[in-house]
Amino acid sequence: MKWPFTKMHGAGNDFVVLDGVSNRIELTTEIARAIAHRQFGVGCDQILLVDTPTHPEADFRYRIFNSDGSEVEHCGNGARCFVKFVHEKGLSRRNPLRAEIATGLLTLQMQDDGEVRVEMGQTRFDVQSLPFDTSYLPTQTHGQDTLYGLTLTPAASPQQTVWLSVLSISNPHAVQVVEDVSNAPVAAIGPLIESHPRFARRVNAGFMQVLDRHHIRLRVYERGAGETLACGTGACAAVASGIRQGLLDSPVRVDTRGGRLTIEWNGNQLQMTGPATTVFEGTLDIKHLLSSQPVFE
Ligand SMILES: N[C@H](CCC[C@H](N)C(=O)O)C(=O)O
């Protein structure tokens, strides 16, 4: 089984993109993990699969797999690469393109300046949409937002309570405000939040530093991938949360380690604008790919 692939990134969040329209692709958890493995495979944060749509108004179905093999609901940086890939491969010339995800349709527009603008779909603030078990948690009200106090016990560090804003951008996010992202405890507490039992489907953990009302810095410890250089849905979650807390005004420039995104939110529709880069093309030989795997993690 040989599959052509394209290696891409959106602000440093990197992807292996597969054309499931022209090729018969059966992406299992095992194959996804093997492709994403930084030494044994191509290496990427997520795999994006372009598929035939089931929604009558969609041009394509957009499927996303984290590097741990989990299939998830949305990927903002990936959406920008998705439309660039579809155009570069000649799968469609439509612009804007309608991409089907689990919760509905995204509109993806290639701009003349080479950046991509994405209508990011639904945003939900009810804790059931993540889901997140808030029973017996202390809360604080900041503007329109409710923050939940989650007590964590990092290894070799004192117990600490983090105050999380939680929301769904079709995928689950928990965002906290920090003084300085450069020394935020992303490696120490990101994993504790990501797999905390109160998040039944795990969660993407965002660390946001407010520079001014139209400018933030952001780091995200992603569900199923670890810290990435950028997270598009994470940028949307941070901006919507910051606006609701009265800290930000739309539009907001989001500086991530891998690049810059612009997020607009009017309280209803979220729009994200940012780069999409093609790096190289290749061919996956699945039999070879699965022939060698780590002996232990
Ligand atoms: N790790 C995310 C999926 C990828 C999101 C991120 N790469 C983006 O650009 O939105 C999740 O499990 O929900």
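Computed from a prediction, not measured in an experiment: that's the story for all the values here. (Residues numbered from 1 in each chain as written. Predicted model: local features only at pLDDT ≥ 70, side-chain atom pairs only at ≥ 80, totals over all residues. Heavy atoms only, no water.)

### Structural notes on the overall build of the chain
In plain terms, the rule: In DSSP terms, a helix is any run of H or I states spanning at least four residues, a strand is any run of E spanning at least two, and both are numbered starting from the N terminus. For the radius of gyration, the atoms used are the C-alpha atoms, and the globule rule reads 2.2 Å times the number of residues raised to 0.38. For every residue, the accessible area (1.4 Å probe, protein chains only) is compared with the maximum for its type, and the residue is labelled buried under 20%, exposed over 50%, or partly exposed between those bounds. In what follows, residue pairs with any heavy atoms lying within 4.5 Å of each other are defined as contacts. Shrake-Rupley sampling with a 1.4 Å probe provides the accessible areas, and residues are treated as covered by the protein chains on show and by no other component. His is not counted, nor are the chain ends, whereas Lys and Arg count as positive and Asp and Glu as negative. The atoms used to mark charge sites are NZ of Lys, CZ of Arg, CG of Asp and CD of Glu.
When you go through the chain residue by residue, the secondary structure sums to five helices and 19 strands. Over its C-alpha atoms the chain spans a radius of gyration of 19 Å, differing by no more than 12% from the 19 Å that the globule rule assigns to 297 residues. Oriented by its inertia axes, the alpha-carbon framework of the chain measures out at about 50 × 45 × 30 Å. The buried share of the chain, reckoned over its 297 residues, is 54%. Sequence separation of at least 24 residues holds for 61% of the intrachain contacts in the chain that already meet a minimum separation of 6. For the chain, the computed accessible surface area is about 12700 Å², with 47% contributed by carbon and sulfur atoms. Of the side-chain charges in the chain, 27 are positive and 32 negative, and the distance between the mean point of each set is 2 Å.

### Topic: the nonpolar core
We apply this condition: Buried Ala, Val, Leu, Ile, Met, Phe, Trp, Tyr and Cys residues form a nonpolar core when they are joined through side-chain atoms within 4.5 Å. Each domain span listed reflects an automatic or database assignment of domains.
Counting 50 residues, the largest nonpolar core has Tyr62, Phe82, Leu108, Ile216, Val254 and Ile263 as its most contacted members. Here this core spans two domains, since at least three of its residues come from each of domain 1 (2-118 + 277-292) and domain 2 (123-268). For isoleucine 263, the residues in contact, after removing those within four places along its chain, are Ala235, Cys236, Val239, Ser250, Pro251, Val252, Val254, Leu270, Gln271 and Met272. In this structure, Val127, Phe132, Val162 and Phe199 belong to the second largest nonpolar core, which totals 22 residues.

### Some remarks on the domain arrangement of the chain
For clarity, the cut-off: Each of two parts loses accessible area, computed with a 1.4 Å probe, when they are put together; buried area is these two losses added.
In terms of domain boundaries, the chain breaks down into domain 1 (2-118 + 277-292) and domain 2 (123-268). For domain 1 versus domain 2, the separation of C-alpha centres amounts to 25 Å. Contacts between the two partners involve 20 residues from domain 1 and, on the opposite side, 21 residues from domain 2. Together domain 1 and domain 2 conceal approximately 1400 Å² of surface at their shared face, both sides included; 40% is due to carbon and sulfur atoms. The largest contributions to the domain 1 side of the interface with domain 2 come from Ala11, Glu73 and His74, which together make up 35% of the buried area.

### Considerations on the pattern of salt bridges
Under the convention used in this document: Here, a salt bridge means any side-chain nitrogen of Lys or Arg that lies within 4 Å of a carboxyl oxygen of Asp or Glu.
Scanning all chains against the criterion turns up 23 salt bridges. The residue glutamate 26 makes a salt bridge to arginine 24 at a minimum N-O spacing of 2.4 Å. Assessed through its relative accessible area of 44%, glutamate 26 is described here as partly exposed. Judged by its relative accessible area of 69%, arginine 24 is exposed. Notably, a salt bridge pairs glutamate 281 with lysine 89, separated by 2.9 Å at the nearest N-O pair.

### Brief notes about the environment of alanine 235
With respect to the helices and strands, alanine 235 occurs in helix α4 (residues 232-244). Taking relative accessible area as the criterion, alanine 235 reaches 0% and is therefore assigned buried. For the pair formed by alanine 235 and leucine 218, sequence separation is 17 residues and the distance between their alpha carbons is 7.1 Å. If we skip the residues at most four places from it in the chain, alanine 235 touches Leu218, Val254, Leu261 and Ile263.

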